[in-house]
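# Structure at a glance
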Amino acid sequence: MGCTCCPLDFCEYETNKLVLIRSRPLGSLKWFLTCFILIGIGVMLFWNKEYQEQDEVISSVVTKVKGVALANNSELGEIVWDVADHSGQLHGKESFLVVTNAIITKNQRQDYCIEDITKNGKRCESNKDCIKGENDQHSYGIQTGDCVENTPKIKICRVLAWCPTEGNKLPPKPALFASAENFTVLIKNSIAFPNFNYTRRNILPEMNASSLKNCRYNKKTDPLCPVFRLGDIVKEAGENFTQMAIEGGIIGIQIEWDCNLDILLYKCIPQYQFRRLDERVDNKTVMPGLNFRFARYYKVNGVEERTLIKAYAIKFDVMVYGKAGKFNLINLILYIGSTLSYFGMATVLIDFLITTKFPKKCCMKIPKNIYKQKKYEYLDDLIQDALYVSFVDESHIAVIKGSVENSLQEVKAASVQARQHRESSRKQLSMSLKDQDVEMQEVSHLIEKKDIPSWCHCGHCCSAPTNHEQLCCRRSNGQCITTSELFSRLVLDRRTLELALLYEDPLLDLCNENIICKLRHCAYRQYIEWRFGSISPGGTAVVPRCCVNKVRHKFPSASGHYKGLCLEKKGKQN
């Protein structure tokens, strides 16, 4: 089968078929679902600010720590630790660090000594056990090759190191610099939203130098102050500063900017949140906290010495994130367009309720098969050789698919379907003649028994030239449909056929020489509409041979020649 493409097809417009159902329950359900979806779309529009163009924040952070801590230790005496002692220790980008505890080893100088056996010292029996120049990753020095006595029973390899070496000590409790919780830090955060050419600082325009000196951040009373007490930060993170100061840790300071740059709803202020970032689960955490070592060097009598400090500290990481939004008409249009499809959910749900076996009171009193007939047009078997057959002794129509190798009467139907009669004007016109006296037509020529083909069951058929024309009006033996009064009234009555032709063409000349041919074709159409009703496009309704004989006898061709059933011309009967 060929496929053609007409340029005029591009000038056609297609639209969906709609079915209007007058039902209060369904109408109420439709508007309820529509309003529910509309409210949901509106809530999401304003909740997520879908009408705005969004931009991510870029930022810079500068911190300034102030405070002095005093430690009073029986071994070390009084130690003062101020801002200068913190400023150079492990500062990173957008972070600062405060030392809270320390193990201090004073007066170290490069010399030969032995290490603490409980920590890094290597036990030996003789000099052979100590390899000169060897060093261990856990040792503080390099072996000299000498095995020396530590106690009467224990010998240890001597090393070249900063002596005396750091002992196996635990961090002091309480922390030496626990008073660091009273330190303050000024966080200066500058942000920008490049798409909107907008910049801002967390030091707001209404703040001045005097107010910054006196303010302290408080979540309830002063949530915008950029000056923070370290003890308050740790407390807001859910930790105890005194306990955390012993071994140190990491605290995250989160600054969130959620800015609305619309003129009527303008808002752009920072919000602060705090949390502990390192893991600390009682005594189960391996190597908890934060510690590092550094030294202070000096000379005594020309000999370089140092003080080794193992510091425990709390590190504060400042993390800035956020976004800004500003009204954008294009974003609003795109959002509305993307949500229009949600309204189709109401139709889908109602169709589901109608076409499923829900109680009738929930939906409607119309059976679902009637709704489907109105809603959908079934296009079954859109192939040219699909043949439709109607037998007078069967209530359905048989559908024949594929080629017909034998008599059509004997071919098994691929499927069956119910008749779908249409109340057309032509049929009403024909039935309006029921009160008129119409003479029953008789066959003037008799068909001898020997001329009746084997596939005929009514006794009125004659042979047919093609297999698809070899069809009787009955499936089993019985009375022929041509003997019924209705057949004579609808199919053979000339006045009925002339009125049907005039209904199609009011100006038709009934005295035209081709009127007999038109009456014959009209008779075929009358029979098909009577016995078949509506059939799927592309199918061919086959008129039984006995009916064809009756029509041809009533309205014969002048030449006596008939073309028969033409499948190439969509089942046209001649």
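Look up: the structure comes first, before these words.
Residues numbered from 1 in each chain as written. Predicted model: local features only at pLDDT ≥ 70, side-chain atom pairs only at ≥ 80, totals over all residues. Heavy atoms only, no water.

## Things to note about unusual backbone geometry
Convention followed: Note on conventions: DSSP H or I runs of at least 4 residues are helices, E runs of at least 2 residues are strands, and numbering of each starts at the N terminus.
The omega torsion of the bond from Cys163 to Pro164 falls at -5°, within 30 degrees of zero and hence cis. Position of Pro164 among the secondary structure elements: in the loop between β7 (154-163) and β8 (184-193). Residue Pro174 is bonded to the preceding Lys173 through a cis peptide linkage, with omega at -5°. Position of Pro174 relative to the elements: it lies in the loop between β7 and β8. The backbone of Asn301 shows a phi angle near 55°, a positive value even though the residue is not glycine. Within the element layout of this structure, Asn301 appears in the loop between β13 (291-300) and β14 (303-327).

## Topic: the packing of aromatic side chains
The following threshold applies: Between 30 and 60 degrees the pair is tilted, below 30 it is stacked and above 60 it is edge-to-face, where a pair is any two Phe, Tyr or Trp rings, Trp via its six-membered ring, whose centres lie within 6.5 Å. Relative accessibility thresholds used throughout: buried, under 20% of the residue-type maximum; exposed, over 50%; partly exposed, between the two (1.4 Å probe, protein chains only). Only when the NZ atom of a Lys or the CZ atom of an Arg is both within 6 Å of the ring centre and within 35 degrees of the ring normal do we say a charge sits over the ring.
Taken as a whole and judged by the stated rule, the model has 16 aromatic pairs. Ring plane angle 70° and centroid distance 5.0 Å describe the contact between Phe228 and Tyr272, whose orientation is recorded as edge-to-face. Placement of the pair is Phe228 in strand β10 (residues 227-229) and Tyr272 in strand β12 (residues 270-276), with a sequence separation of 44 residues. Comparing Phe228 with Tyr272 shows no difference in burial state: the two are buried. Ring plane angle 70° and centroid distance 6.3 Å describe the contact between Phe487 and Tyr527, whose orientation is recorded as edge-to-face. Residue Phe487 is found in helix α10 (residues 485-492), and its partner Tyr527 is found in helix α12 (residues 515-531); the two are separated by 40 residues along the sequence. Stacked on the ring of Trp31, the Lys or Arg Lys30 has its end atom at 4.5 Å from the ring centre. Over the ring of Trp530 we find Arg531; its NZ or CZ atom is 5.7 Å from the centre of that ring.

## Some words on the pairing of strand β6 (residues 142-151)
Selection criterion: Strand pairing is assigned whenever DSSP identifies at least 2 bridges connecting the two strands.
Two elements, β6 and β7, share 6 bridges in a ladder whose sense is antiparallel. Each bridged residue has a counterpart across the sheet, and for Gln143 the counterpart in β7 is Val159. Remark: 2 residues form the turn of the hairpin made by β6 and β7, two consecutive strands paired antiparallel.

## Quick notes on the environment of Phe532
For the record, the criterion: Note on contacts: a residue pair is in contact if any heavy atoms of the two residues lie within 4.5 Å.
In this fold, Phe532 is placed in the loop between α12 and β18 (540-541). Taking the relative accessible area as the measure of exposure, Phe532 reaches 1% and is therefore buried. Setting aside its immediate chain neighbours within four residues, Phe532 contacts Tyr388, Val389, Ser390, Ile397, Arg419, Gln420, Tyr527, Ala541 and Val542.

## Things to note about the nonpolar core
Put simply, the rule is: The nonpolar core is taken to be a set of buried Ala, Val, Leu, Ile, Met, Phe, Trp, Tyr and Cys residues, with the residues joined through side-chain atoms within 4.5 Å.
Phe96, Phe177, Leu230, Ile233 and Phe316 are the most contacted members of the largest nonpolar core, which has 55 residues in total. With 34 residues, the next largest nonpolar core counts Cys472, Cys473, Tyr527 and Ala541 among its residues.

## Notes on a positive patch on the surface
Put simply, the rule is: Each patch is built from salt-bridge-free residues with over 30% relative accessible area, joining like charges within 9 Å and nonpolar side chains (Val, Leu, Ile, Met, Phe, Trp, Tyr) within 5 Å. For the accessible areas, the method is Shrake-Rupley and the probe is 1.4 Å, while residue cover comes only from the protein chains on display. Here, a salt bridge means any Lys or Arg side-chain nitrogen found within 4 Å of an Asp or Glu carboxyl oxygen. The sign given to each residue is positive for Lys and Arg and negative for Asp and Glu; His and the chain ends receive no count. Charged side chains are reduced to one point each, which is NZ for Lys, CZ for Arg, CG for Asp and CD for Glu.
A surface patch of positive charge is lined by Lys64, Lys66, Lys188, Arg201 and Lys213. Inspection of the secondary structure puts Lys66 in strand β2 (residues 58-66).

## Digging into the sheet that holds strand β16 (residues 396-400)
With mixed pairing, the 4 strands of this open sheet are ordered in space as β17-β16-β15-β18. The open sheet is flanked by β17 (415-418) and β18, the only strands paired with a single partner. Judged from the 4 bridges that link them, strand β15 (residues 387-390) and β16 form a sheet pairing that is antiparallel. Looking across to β16, one finds that Ser390 is bridged to Ile397.

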